[in-house]
Amino acid sequence: MGASAFSSLVKENIDNQEPLEKKAIKLFGQDLLSPLLSMGLFPDLLQRFLPFSINTWDRAIGLEIAAIAFW
């Protein structure tokens, strides 16, 4: 994860708007794991036992929530 984050920061920082250190602190200062775990442990786990699908209980939504909060 660190190498891919560094690579994307370097690509994004072509015009040198702000130092890479500040962007890295902003990137890794966010909690991206908690929303994903909460969606995976509770609604998605319950979904395994239900005979029908509830699309709003998908783990990917937890990751989207974390990404939206970052950007």
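Since the model is a prediction, treat every value here as computed from it, not as a measurement.

Q: So what's going on with the overall build of the chain? Which residues, and what values?
A: A tally of helices and strands in the chain yields five helices and zero strands. Reading the secondary structure of the chain in the N-to-C direction produces α-α-α-α-α. By the compact-globule yardstick of 11 Å for 71 residues, the chain is too spread out, its C-alpha radius of gyration being 16 Å. Expressed as lengths along the three principal axes of its C-alpha atoms, the size of the chain is roughly 50 × 20 × 15 Å. Burial analysis of the chain (71 residues in total) assigns 18% to the buried set. The long-range fraction of contacts in the chain, counting pairs at least 24 apart against all pairs at least 6 apart in sequence, stands at 35%. When the accessible surface of the chain is totalled, it reaches about 5,600 Å², and 66% of it is carbon and sulfur. The centroid of the 6 positive side-chain charges in the chain is displaced by 2 Å from the centroid of its 8 negative side-chain charges.

Q: An account of the environment of Arg 59 is needed here, citing residue identities and associated values.
A: Turning to its location among the elements, Arg 59 is positioned in helix α5 (residues 59–70). Residue Arg 59 is classed as partly exposed on the basis of its relative accessible area, which comes to 40%. For the pair Arg 59 and Leu 45, spaced 14 residues apart in sequence, the C-alpha separation works out to 9.6 Å. Leave out the neighbours within four places in its chain, and Arg 59 touches Leu 36, Met 39, Gly 40, Asp 44 and Arg 48.

The rules behind each value
Residues numbered from 1 in each chain as written. Predicted model: local features only at pLDDT ≥ 70, side-chain atom pairs only at ≥ 80, totals over all residues. Heavy atoms only, no water. Helix = DSSP H or I, 4+ residues; strand = E, 2+ residues; numbered from the N terminus. Rg over C-alpha atoms; globule rule 2.2 N^0.38 Å. Buried < 20%, exposed > 50% of the residue type's maximum accessible area, 1.4 Å probe, protein only. Contact = heavy atoms within 4.5 Å. Areas by Shrake-Rupley, 256 points an atom, 1.4 Å probe, with all protein chains shown as cover. Lys, Arg positive; Asp, Glu negative; His and termini not counted. Charge placed at Lys NZ, Arg CZ, Asp CG, Glu CD.

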